[in-house]
Structures are given as structure tokens and as C-alpha cells.
Amino acid sequence: IDENLRCGRCMEYAAALRISRSSGYSRGMCRSIKTLRGAEPAADDDDARAAALQFVRKISGYRAPSRANQPAFDAAVQEVTAATTRLLQGLQNPA
């Protein structure tokens, strides 16, 4: 998994979660996915994949899946990336 896809606030969240272990969130898991619609500069494929990766990490509870789960994890990232791209292309700009 590409470490460069982590958001800028992941380290802050990881530190906060270490302090507050009663949180319902997994330690070290990013809680923030940036809004891609209307981004300047416009969101590209890398941005869509980064958001998809964060989403799949959050849903699966894995930051890095086991070798046995890697194919399902990677397929989910691809599917969410494709859905994200379709969504962004299909949204109308406000009038």
C-alpha cells in the first residue's frame, strides 16, 4: 500500500487515538477523507484513489490487509475509485 496516499492529518489522529484508547476508531486509521468535488486544482485519478483507499481502510478495519485478504482489499479500492470517478464526472456544477 502506497504510504504517500495518507492524508496530512493522519499523524495527528494517530497521536490523539493513542491518548484516548476508548475511541471507537482503530488506532492509526485516518478519520478524514477530503472532499473532491470543487477541489482546486480539480481532483485527479490519484485523489480519487487516495479517497477510495481511505474509505476501504475505514470499512475493512485494515490499514494493511493480510496477504490472504489483499486481493479483496485491492478489488474494493479499484471499485470505489471507479465509482468515485463516475460520481464526480456525473455531478452538475451549481448554477
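Caption draft 1: Region of the structure containing the layout of surface pockets. Empty space within the largest pocket amounts to approximately 260 Å³. Along the walls of the largest pocket sit 16 residues, with Leu 36, Arg 37, Ala 42, Ala 43 and Leu 88 positioned nearest its centre. At three residues, helix H3 (residues 70-90) tops the list of elements feeding residues into the lining of the largest pocket. Among the residues making up the lining of the largest pocket, the classes are represented as seven nonpolar, five polar and four charged.

Caption draft 2: Structural view of the pattern of salt bridges. Throughout the structure, instances matching the rule amount to one salt bridge. Its salt-bridge partner being Asp 47, residue Lys 34 comes within 3.8 Å of it at the nearest N-O pair. Placement of the pair is Lys 34 in the loop between helix H1 (10-19) and helix H2 (45-60) and Asp 47 in helix H2, with a sequence separation of 13 residues. Looking at Asp 47, the relative accessible area reads 22%, which means it is partly exposed.

Conventions used here
- Residues numbered from 1 in each chain as written.
- Predicted model: local features only at pLDDT ≥ 70, side-chain atom pairs only at ≥ 80, totals over all residues.
- Heavy atoms only, no water.
- 1 Å grid on protein atoms, 1.4 Å probe; cavity = no way out; pocket = protein on both sides within 12 Å on 5 of 7 lines; lining within 4 Å.
- Points joined across faces, edges and corners; volume = space filled by probe spheres on them.
- Helix = DSSP H or I, 4+ residues; strand = E, 2+ residues; numbered from the N terminus.
- Nonpolar A, V, L, I, M, F, W, Y, C, P; charged D, E, K, R; others polar.
- Salt bridge = Lys/Arg side-chain N within 4 Å of Asp/Glu carboxyl O.
- Buried < 20%, exposed > 50% of the residue type's maximum accessible area, 1.4 Å probe, protein only.

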